[in-house]
Number of protein chains: 2
Amino acid sequence: MTRKLLAEVNISEGKDRQLIDAVKDALLREGELSLIDLNSDADHNRTVFTYTGIPGEVLAGTKRLVRKAIELIDMTAHHGSHPRMGAVDVVPFVPVDGVTVQEACGIARDFGAWLGSMGVPVFYYEECATRPERKSLVHIRKGEYEALPEKMAQEEWMPDEGPRAFVAKSGATVTGVRFPLVAFNVNLGSSNLAVGKQIVKAVRGATGGYKNVRAIALPVGEKGNVQISMNLVNYRETPIHRVFETIKSEAAGHGVSVTGCELVGPVPLAALEGVIKHYLRVHSFSMNQVY
Amino acid sequence: MTRKLLAEVNISEGKDRQLIDAVKDALLREGELSLIDLNSDADHNRTVFTYTGIPGEVLAGTKRLVRKAIELIDMTAHHGSHPRMGAVDVVPFVPVDGVTVQEACGIARDFGAWLGSMGVPVFYYEECATRPERKSLVHIRKGEYEALPEKMAQEEWMPDEGPRAFVAKSGATVTGVRFPLVAFNVNLGSSNLAVGKQIVKAVRGATGGYKNVRAIALPVGEKGNVQISMNLVNYRETPIHRVFETIKSEAAGHGVSVTGCELVGPVPLAALEGVIKHYLRVHSFSMNQVY
């Protein structure tokens, strides 16, 4: 396999098609990048660009994209239902093939230093956090854009790169490295939300289940059948098939069937290797055989 | 997904490392090709190069490889246990992503015409056959290299491209288009070959099983446990999981377990989509989501 890094750039504009296209064109103008997802949400007023390439190309493309986005987006006029604190809100880099977390952090820091030099305050998070309390995006973004002037006056919220003062037009950007997520939903043949909550309790790390599973139960569709909606935050330690089989077993214990599942959005090839190996019992199989 | 064609070039040399490297270098010298497998067998005295790329690159790379192989290999001195009739014996092109069989046949014909112009007799087979009796490689190759002088004197074996007479140094080449094969083996927890033969009878097309399954039962390893060794010649019509579940069920009917399986050599990504969809019940999933 070739060396591959993924970037997922979240910008604070989800309605202005012309602006979104201009940002996309800046990204794809040069270089050998594969755009694997482009998701704009008008209600969130947010667009997520997901693309892969060799690390150097991903860094260069991200700079082109971000330069255009901070030129065109003015946070003083931004409204949307999704939490945000910047025109370029979050830029996670995700190691995919043949790239270490360390190397990906190097790319994130090169990007952060560059963005700081462009006059945007930058915070490093997750694997690149400079302080324990900056690991979590939710924590860094608490109070959102509107709280930035007050927060940035405190030593605790001094940015890792760029100006130490609030910048009204761009707000601030969070960047760093995280492991690839797998968004996996399991649909139950029952509208009994209490059963769904029992199953969530059984599988999610916070309540004694699998360490790398974040889960909620919610009613979906016309019949209000229950869906177990999950993020698997480390498919290597906690593979998809194991979580699925546990949910099937727990549901059966409640006399409830599993009607179907969903893999939502981009899925790393390596996460599917475990599924193939388990169900086909092909223990010497490797995704390197796949073309 | 990008448009992708696969080529699998079989040349009649499996021992001379210098020669094999020279042929490989010719292939990879230019162009954007992914070499996904290179398998040399000294006993067969044969090497198989498997690579993918966009159709135009695959055609150009195949010409580079083949030009070098026919320059270096002299069939008058060739011995090996695998059936063969030419220095470049067989060149199947396999449509992978976004390439139709028709388009792949166009590439095979461009290649065949070029090879003919280089002075090598060429026969089209499988999806590109010009006569029904030339569909099957086994039939075209009957009698092998040694029978060519006599065969080519007959109107029935007039080549589709190139000289109408036997060429001693190069022999003749077969090219065309076939669907991607999946080589799938299922290992049983029993050395009872009679049970293995019953299972083969149940799954293979020739005896009432699945149309696109070719299967044999054979003892493997120290214990002589039985392996059901298969080629799935059309994974779209006859998917891997269905064949596997049928074998599990038939084995269980004989009181025999399935100890493990093997996917051998290159496997098309699309063939694994069905496995994922079936076992995870993710019916809206598409390999386009995979990165």
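Residues numbered from 1 in each chain as written. Chains lettered and ligands numbered in written order. Predicted model: local features only at pLDDT ≥ 70, side-chain atom pairs only at ≥ 80, totals over all residues.

Peer 1: Which residues make up the pairing of strand 4 (residues 88-97) of chain A, and what are the values?
Peer 2: Residue and element names in this part refer to chain A. Among the ten residues that make up strand 4, nine are buried, leaving the element largely enclosed by the rest of the structure. Sheet analysis places strand 1 (residues 4-11) next to strand 4, joined by six bridges and oriented antiparallel. Looking at strand 4, one finds that Lys 4 is bridged to Asp 97. In terms of strand pairing, strand 4 meets strand 6 (residues 173-177) through four bridges, oriented parallel. (Buried ≥ 20, exposed ≤ 12 C-beta atoms within 10 Å, placed from the backbone. Helix = DSSP H or I, 4+ residues; strand = E, 2+ residues; numbered from the N terminus. Pairing = 2+ DSSP bridges.)

Peer 1: Please give an account of the interface of chain A and chain B that cites residues and values.
Peer 2: The interface of chain A with chain B comprises 29 residues on the first partner and 29 residues on the second. Of all the secondary-structure elements, those providing two or more residues to the side of chain A that touches chain B are helix 7 (240-253), strand 10 (258-264) and helix 8 (269-280) of chain A. The leading source of residues in the side of chain A that touches chain B is helix 8 of chain A, at six residues. When grouped by side-chain class, the residues that make up the side of chain A that touches chain B number 21 nonpolar, six polar and two charged. (Contact = placed C-beta atoms within 7 Å. Nonpolar A, V, L, I, M, F, W, Y, C, P; charged D, E, K, R; others polar.)

Peer 1: Go over helix 6 (residues 193-203) of chain A, please, and point to the residues and values.
Peer 2: Residues and elements named next belong to chain A. Restricting attention to buried positions, one finds in helix 6 the residues Gly 196, Ile 199, Val 200, Ala 202 and Val 203. Viewed along the axis of helix 6, the buried residues span an arc of 160°, placing them on a single side of the element. Looking at the buried side of helix 6, the elements it contacts are strand 7 (182-188), strand 8 (213-220), strand 9 (225-232) and helix 7. (Arc of directions from axis to C-beta.)

Peer 1: Summarise the nonpolar core; cite the residues concerned and give the values.
Peer 2: The biggest cluster of nonpolar side chains holds 167 residues, and the ones touching the most others in it are Ile240(A), Ile240(B) and Val243(B). Those residues within four positions of Ile240(A) in sequence are excluded, and the remaining contacts are Val182(A), Phe184(A), Leu232(A), Tyr235(A), Ala271(A), Gly274(A), Val275(A) and Leu280(B). (Core = buried A, V, L, I, M, F, W, Y, C linked by C-beta atoms within 7 Å.)

Peer 1: Mind laying out the relation of the copies chain A and chain B, listing which residues take part and the relevant values?
Peer 2: In the superposition of chain A on chain B (RMSD 0.1 Å, axial shift 0.0 Å), the rotation amounts to 180°. Viewed as a symmetry operation, the transformation between the two copies matches a two-fold axis. The residues that chain A uses at the interface reappear at the interface of chain B in 100% of cases, marking a shared surface. (Least-squares fit on C-alpha atoms with pLDDT ≥ 70 in both.)

Peer 1: Please set out the domain arrangement of chain A residue by residue, giving values where relevant.
Peer 2: Entries for chain A in the domain assignment read domain 1 (4-177) and domain 2 (182-289). Using C-alpha coordinates to define each centre, domain 1 of chain A is positioned 30 Å away from domain 2 of chain A. (Domains from an automatic or database assignment.)

Peer 1: Describe unusual backbone geometry, with residues and values.
Peer 2: All names here are of chain A. Positive phi outside glycine occurs at Asn 45, with the angle close to 50°. Of note, Asn 45 is situated in the loop between strand 2 (34-41) and strand 3 (46-53). Positive phi outside glycine occurs at Glu 126, with the angle close to 50°. Along the chain, Glu 126 falls in strand 5 (residues 122-126). For Glu 126, a count of 20 C-beta atoms within 10 Å gives the class buried.

Peer 1: If you had to explain the environment of Val290(A) to someone new, which residues and values would you point to?
Peer 2: For Val290(A), the location among the structural elements is in the segment after helix 8. Here Val290(A) is in contact with Val267(B), Leu269(B) and Leu272(B), once residues within four sequence places are set aside.

Peer 1: Describe the packing of helix 2 (residues 55-72) of chain B against helix 3 (residues 101-117) of chain B, with residues and values.
Peer 2: Residues and elements named next belong to chain B. Relative to each other, helix 2 and helix 3 sit at 25°, their axes nearing to 10 Å. By the angle class used here, helix 2 and helix 3 are roughly parallel. Every pair of crossing elements has a handedness; the one defined by helix 2 and helix 3 is right-handed. Of the residues in helix 3, those in contact with Pro 55, Val 58, Leu 59, Thr 62, Lys 63 and Val 66 of helix 2 are Glu 103, Ile 107, Asp 110, Phe 111, Trp 114 and Leu 115. (Axes fitted to C-alpha atoms, helices over the stretch in contact; angles between N-to-C directions. Parallel < 35°, antiparallel > 145°, perpendicular 65-115°, else oblique. Left-handed = near helix turned anticlockwise from the far one by under 90°.)

Peer 1: Describe in detail helix 7 (residues 240-253) of chain B, supporting the description with residues and values.
Peer 2: Residue and element names in this part refer to chain B. When the terminal C-alpha atoms of helix 7 are compared, their 20 Å separation across 14 residues agrees well with the 20 Å that a helix rising 1.5 Å per residue should span. Taken as a whole, helix 7 has its buried residues at Ile 240, Val 243, Phe 244, Ile 247, Glu 250 and Ala 251. End-on view of helix 7: buried residues confined to an arc of 130°, all on one side of the axis. The outward face of helix 7, more than 90 degrees from its buried face, is lined by the exposed residues Ser 249, Ala 252 and Gly 253. (Expected span 1.5 Å × (residues − 1).)

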